Amino acid sequence: SSSSGDEALRDKRARILSRGLPKQKPIEGVKQVVVVASGKGGVGKSTTAVNIALALAANDSTKEVGLLDADIYGPSIPKMMNLKGNPELTPKNLMRPLKNYGIACMSMGFLIEETAPVVWRGLMVMSAVEKLLRQVDWGQLDYLVIDMPPGTGDVQLSVSQNIPIAGAVIVSTPQDVALLDAHKGAEMFRKVHVPVLGLVQNMSVFQCPKCKHETHIFGADGVRDLAKTLGLDILGDVPLHVNIRETCDSGQPVVVSQPQSDAAKAYLKIAMEILRRLPVPPA
């Protein structure tokens, strides 16, 4: 009868729900994971992730920091960190991260040709993410910064459900269209019980190098307004500056190549704000 069929369906649903989410398993050797995300592409998320990782290391030279590029389709960490080549394998068949500026890095970009497109369906992408999470010998890291792909899809859910994340940082420009997606990104992390540490307002203001006039190209304080709506903190503002773009394109990020610049100081402040909000790591 239809009522017994409905009951069977309800039982099945209850059994599936009772299993809950997949059991989170920490990455061996990694104390705390910080994810850097954005709802939208093109807001400077990877540039922010790279400079945050370098700033975390610069703020405390006793800490070991790693950087994982989880953007399978558009890996940009190899270029920004000036790294090339294939990872070596350990006797346990784990990949050894490539290292520059004291940061251990892993990316899909090390495993494929620089110009080769990744034309994969979802299952293959998930398998690649699993390998990047589980088959890398990170040694001992205090912080692993994960550069997430844009959006709120499979990769974000898989990472959030597979490993314990100490906190997420949402990057957005003050532009209305970017803010809509940043809002979705923050809500997604809340749904999967990942604490959102705060927002970074990127490309906040452009200062003319000749006359020093400041222009809010993408609008003013949009991210601040979103932070209020979400009840979150602003971790910092990063200006729209040619140096930030040029240094990342040349593989010499601004935090290491121009540490006294205003841009580098903005990232160092953001790293300090992140550290203040992270839970006390396990001993």
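See the structure shown above.
Residues numbered from 1 in each chain as written. Predicted model: local features only at pLDDT ≥ 70, side-chain atom pairs only at ≥ 80, totals over all residues. Heavy atoms only, no water.

**Thoughts on the pairing of strand β1 (residues 30–37)**
Regular strands place their side chains on alternate faces of the sheet.
Part 1: The buried fraction of β1 amounts to seven of the eight residues, a majority that puts the element mostly inside the structure.
Part 2: Note that β1 and strand β5 (residues 141–147) share six bridges and pair parallel. Pairing of Q32 across the sheet is with Y143, part of β5.
Part 3: Note that β1 and strand β6 (residues 167–172) share four bridges and pair parallel. Along β6, the bridge assignment pairs V35 with A168. (Buried < 20%, exposed > 50% of the residue type's maximum accessible area, 1.4 Å probe, protein only. Helix = DSSP H or I, 4+ residues; strand = E, 2+ residues; numbered from the N terminus. Pairing = 2+ DSSP bridges.)

**With respect to the pattern of salt bridges**
Part 1: For the structure shown, the criterion picks out six salt bridges.
Part 2: With a shortest N-O distance of 3.6 Å, D142 and K31 are connected by a salt bridge. With D142 in strand β5 and K31 in strand β1, this residue pair connects regions lying 111 residues apart in the sequence.
Part 3: Classification of K31 by relative accessible area gives partly exposed; the value is 40%.
Part 4: For E273, the salt bridge identified is with R277, shortest N-O distance 2.6 Å. Highlighted residues: E273 and R277, both in helix α10 (residues 262–277), separated by four residues, approximately one helical turn.
Part 5: What makes E273 buried here is its relative accessible area of 13%.
Part 6: Residue classification places R277 among the partly exposed residues on the basis of a relative accessible area of 25%.
Part 7: Each of D233, E273, R276 and R277 takes part in a single network of salt bridges with overlapping partners. (Salt bridge = Lys/Arg side-chain N within 4 Å of Asp/Glu carboxyl O.)

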